[in-house]
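For reference, the chains in residue letters:
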Amino acid sequence: MKKGTVTVFMIFLVVFAVILIPISGCGLVGNRSVDGNINGTEELEPVEISEYEGTKLGSVNDFKENSINGPQQVDVETYQLKITGLVENPKNYTYDEVISKNQHYKKVVRLDCVEGWSVTILWEGLLVKDLLAEVNPLPNSKVVIFHAYDGYTTSLPIDYIMNKNIIMAYKMNELTLPPERGFPFQLVAESKWGYKWIKWIAEIELSDDVNYRGFWESRGYSNSADLDKSFTER
Ligand SMILES: Nc1nc2c(c(=O)[nH]1)N[C@H]1C(S)=C(S)[C@@H](COP(=O)(O)O)O[C@H]1N2
Ligand SMILES: [Mo]
């Protein structure tokens, strides 16, 4: 070999060692790497948790699916959450806006259906009162009416929503809500019967109609729906 060729070869080796080995991630393949590496963190499929801070949880699969029109498939790309009615500034939000603009909260709460079954879940979501603060409810608004994709509705007093820090959940047991459990959002109406826990929330309407009755409420179920009282009203 000529001396020049050897020099070029040596230079190539040095360039390879100094530049190419470090940027190749020292032999790590693809993006399967640890945090801090140039390739970032790869999210693995989340797994449902069964216990949280010492509390045994039920499962996403323990619910009896008994929705009025079966599970709804909501397209996250076209989804809009509408906040309407007696408010100063009505708003429409995308799924990402709802999730990214609001503080997140977790609580363990049990859902009790009037059919006699119940499930305890770690819910993760955002405060409905944070959403309401953005739209400025008018002084005469008394009731929050929730509308869902399947035509279901239910209502709750605005004071209950505010004072009880009621959340709208996007995760249960660390999993994004599956379609049959109400994706994108289910109301965590703690201390109220299951029929107040509206799934597939599409619209939040502020109203002064204290006599408004939702789907089951207009079919004879108690409008206050307090868990410590009968759901059959009288
Ligand atoms: N949109 C919508 N939300 C709903 C319902 C429904 O039919 N439609 N059913 C309610 C009832 S009766 C209960 S007990 C809870 C849990 O029902 P699931 O087990 O079918 O999820 O969801 C509530 N939310
Ligand atoms: Mo229910």
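Residues numbered from 1 in each chain as written. Chains lettered and ligands numbered in written order. Predicted model: local features only at pLDDT ≥ 70, side-chain atom pairs only at ≥ 80, totals over all residues. Heavy atoms only, no water.

Peer 1: Any details on the layout of surface pockets? Residues and values, ideally.
Peer 2: In this model, the largest pocket occupies a volume close to 430 Å³. Surrounding the largest pocket, 22 residues form its lining, N66, Y152, G194, Y195 and W216 being those nearest its centre. A breakdown of the residues in the lining of the largest pocket according to their chemical character gives 13 nonpolar, four polar and five charged. (1 Å grid on protein atoms, 1.4 Å probe; cavity = no way out; pocket = protein on both sides within 12 Å on 5 of 7 lines; lining within 4 Å. Points joined across faces, edges and corners; volume = space filled by probe spheres on them. Nonpolar A, V, L, I, M, F, W, Y, C, P; charged D, E, K, R; others polar.)

Peer 1: Explain the sheet that holds strand β4 (residues 91-93) to me, using residue names and the numbers behind them.
Peer 2: The sheet built from five strands is open, its strands ordered β4-β3-β12-β7-β8 with mixed pairing. Looking at the sheet topology across the chains shown, the edges are occupied by β4 and β8 (153-157). Between one strand axis and the next, the sheet turns by 20 degrees as a mean value, whatever way the strands run. Sheet topology note: the strand β3 (residues 81-85)/strand β12 (residues 201-207) ladder contains four bridges and is parallel. Bridged to T84 within β12 is E205. Sheet contacts for helix α3 (residues 128-135): β3, β4, β7 (143-148) and β12; angle to β3, the most-contacted strand, approximately 60 degrees. (Pairing = 2+ DSSP bridges. Helix = DSSP H or I, 4+ residues; strand = E, 2+ residues; numbered from the N terminus. Axes fitted to C-alpha atoms, helices over the stretch in contact; angles between N-to-C directions. Contact = heavy atoms within 4.5 Å.)

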